[in-house]
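One letter stands for each residue in the lines below.
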Amino acid sequence: MDNKDTYLLNFKGYNFESSFVDADFLENLDDFEIRDDDVFIITFPKSGTIWTQQILSLIYFEGHRNRTEDLSTLDRIPFFEYNIRKTDFLNRPSPRLFCSHLPYYLVPKGLKSKKAKIIYVYRNPKDVMTSYFHFSNLVVRFEAGNDMEHFMKRFLDGNVVGSRWFDHVRGWYEHRHDFSILFMMYEEMKKDRRSSVLKISRFLEKELGEEDVEAIVEQATFQNMQSDPRANYDEILKYEVGKRTDEGHFLRKGDAQGF
Ligand SMILES: Nc1ncnc2c1ncn2[C@@H]1O[C@H](COP(=O)(O)O)[C@@H](OP(=O)(O)O)[C@H]1O
Ligand SMILES: CCc1ccc(OS(=O)(=O)O)cc1
């Protein structure tokens, strides 16, 4: 199946995946009520979203850390604009954790008054593009990338979910003073997972004992996430998002070639 021209929904200049997003939700985004203790992971697609979802799930939930609870990271930290499981955000207990690909200019206005915390993860655009190419060829609803040259044009033109990589990163960076925000680089997370976990937990003001830190660092490795059904998105991809073939995973390679 090739979903060229049908899978992108352009709203106020930004491309969403059309079938996962709710038009009413988008229309009312600006007024979505933000709580002081909300936390958002924000990324351009393919930049380390589900990795950071796993790290925050491990930081916040003891039952996730010690594996006594079997709740997926998507249930613990739902996508804000792609609420595929129809989570009731308004009645969710605090602290609410979300992840999102929204550009800075579309987020609820409450976030801009430094209410709530944002962790913005960015990644070398060549690796983002490579990851995105394989992902587009894997996911039924996306337009297949065909060859890399063809996909690269789409990526550079911003004809993908998330629009232009550069606009996304620049928008958040240039407006960083409007938000309570921590920037994390995928490549740094890869180089030093432990320091990254500590940096994130300090930003979130979450006290962690040495054993907790060890458990988080260990369970956030690429290999351990690959084999953790709570974090690897295998079931979500197969049954909720839809794959073209049985091959292929969200956790594909996890390489960091650097900037
Ligand atoms: N623990 C981890 N360590 C390194 N990379 C990880 C990771 N968990 C996920 N990733 C990588 O993050 C990318 C997906 O990003 P997102 O969650 O934003 O869609 C994939 O990149 P690759 O396709 O290059 O392997 C995936 O493998
Ligand atoms: C869980 C719904 C979802 C959200 C985003 C996806 O892809 S991308 O990150 O926008 O490329 C896929 C599924």
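- Per an unreviewed UniProt entry, the chain goes by the name Sulfotransferase and belongs to Myotis myotis.
- In the Catalytic activity (unreviewed entry) part of its UniProt record, the chain is described as follows: "4-ethylphenol + 3'-phosphoadenylyl sulfate = 4-ethylphenyl sulfate + adenosine 3',5'-bisphosphate + H(+)".
- You can read under Sequence similarities (unreviewed entry) in the UniProt record for the chain the words "Belongs to the sulfotransferase 1 family."

### Let's talk about the site of ligand 2
Link 1 in the chain: By nearness alone, every residue bordering ligand 2 is listed as Phe20, Pro45, Phe79, Tyr82, Ile84, His101, Phe135, Phe142, Val161 and Val241.
Link 2 in the chain: A distance of 2.7 Å is found between an oxygen atom of ligand 2 and a side-chain nitrogen or oxygen belonging to His101.
Link 3 in the chain: Coverage of ligand 2 by the protein amounts to 98% of the 350 Å² it exposes when considered alone.
Link 4 in the chain: Classifying every residue of the shell around ligand 2 by side-chain character gives 9 nonpolar, 1 polar and no charged.

### Details of the site of ligand 1
Link 1 in the chain: By nearness alone, 18 residues border ligand 1, and Thr49, Ser131, Tyr186, Lys253 and Gly254 come closest of all.
Link 2 in the chain: The backbone of Ser47 places a nitrogen or oxygen atom 3.0 Å from an oxygen atom of ligand 1.
Link 3 in the chain: Here Ser131 contributes a side-chain N or O atom positioned 2.6 Å from an oxygen atom of ligand 1.
Link 4 in the chain: Protein chains shield 98% of the accessible area of ligand 1, which is 570 Å² for the free molecule.
Link 5 in the chain: Among the elements of the structure, α2 (49-60) and α12 (222-226) are those that each provide at least two residues to the shell around ligand 1.
Link 6 in the chain: The greatest single-element share of the shell around ligand 1, amounting to 3 residues, is contributed by α2.
Link 7 in the chain: For the shell around ligand 1, the class distribution of residues is 8 nonpolar, 6 polar and 4 charged.

### A few points about the sheet that holds strand β5 (residues 117-122)
Link 1 in the chain: Strand order in the open sheet made by the 4 strands is β4-β3-β5-β6, with parallel pairing throughout. Bordering the open sheet on either side are β4 (97-100) and β6 (181-185), each of which pairs with just one other strand. Adjacent strand axes in the sheet meet at a mean angle of 20 degrees, parallel and antiparallel pairs treated alike.
Link 2 in the chain: Across 5 bridges, β5 lies against β6 in parallel orientation. Within β6, the residue paired with Tyr122 across the bridge is Met185.
Link 3 in the chain: Contacts from helix α8 (residues 165-174) reach β3 (39-43), β5 and β6, with the element oriented near 140 degrees to β5.

Conventions and cut-offs
Residues numbered from 1 in each chain as written. Chains lettered and ligands numbered in written order. Predicted model: local features only at pLDDT ≥ 70, side-chain atom pairs only at ≥ 80, totals over all residues. Heavy atoms only, no water. UniProt positions renumbered as here; feature names shortened; annotations may be inferred. Near = heavy atom within 4 Å. Polar contact = N/O pair within 3.5 Å; in protein donor to acceptor, adjacent residues only side chain to side chain. Areas by Shrake-Rupley, 256 points an atom, 1.4 Å probe, with all protein chains shown as cover. Nonpolar A, V, L, I, M, F, W, Y, C, P; charged D, E, K, R; others polar. Helix = DSSP H or I, 4+ residues; strand = E, 2+ residues; numbered from the N terminus. Pairing = 2+ DSSP bridges. Axes fitted to C-alpha atoms, helices over the stretch in contact; angles between N-to-C directions. Contact = heavy atoms within 4.5 Å.

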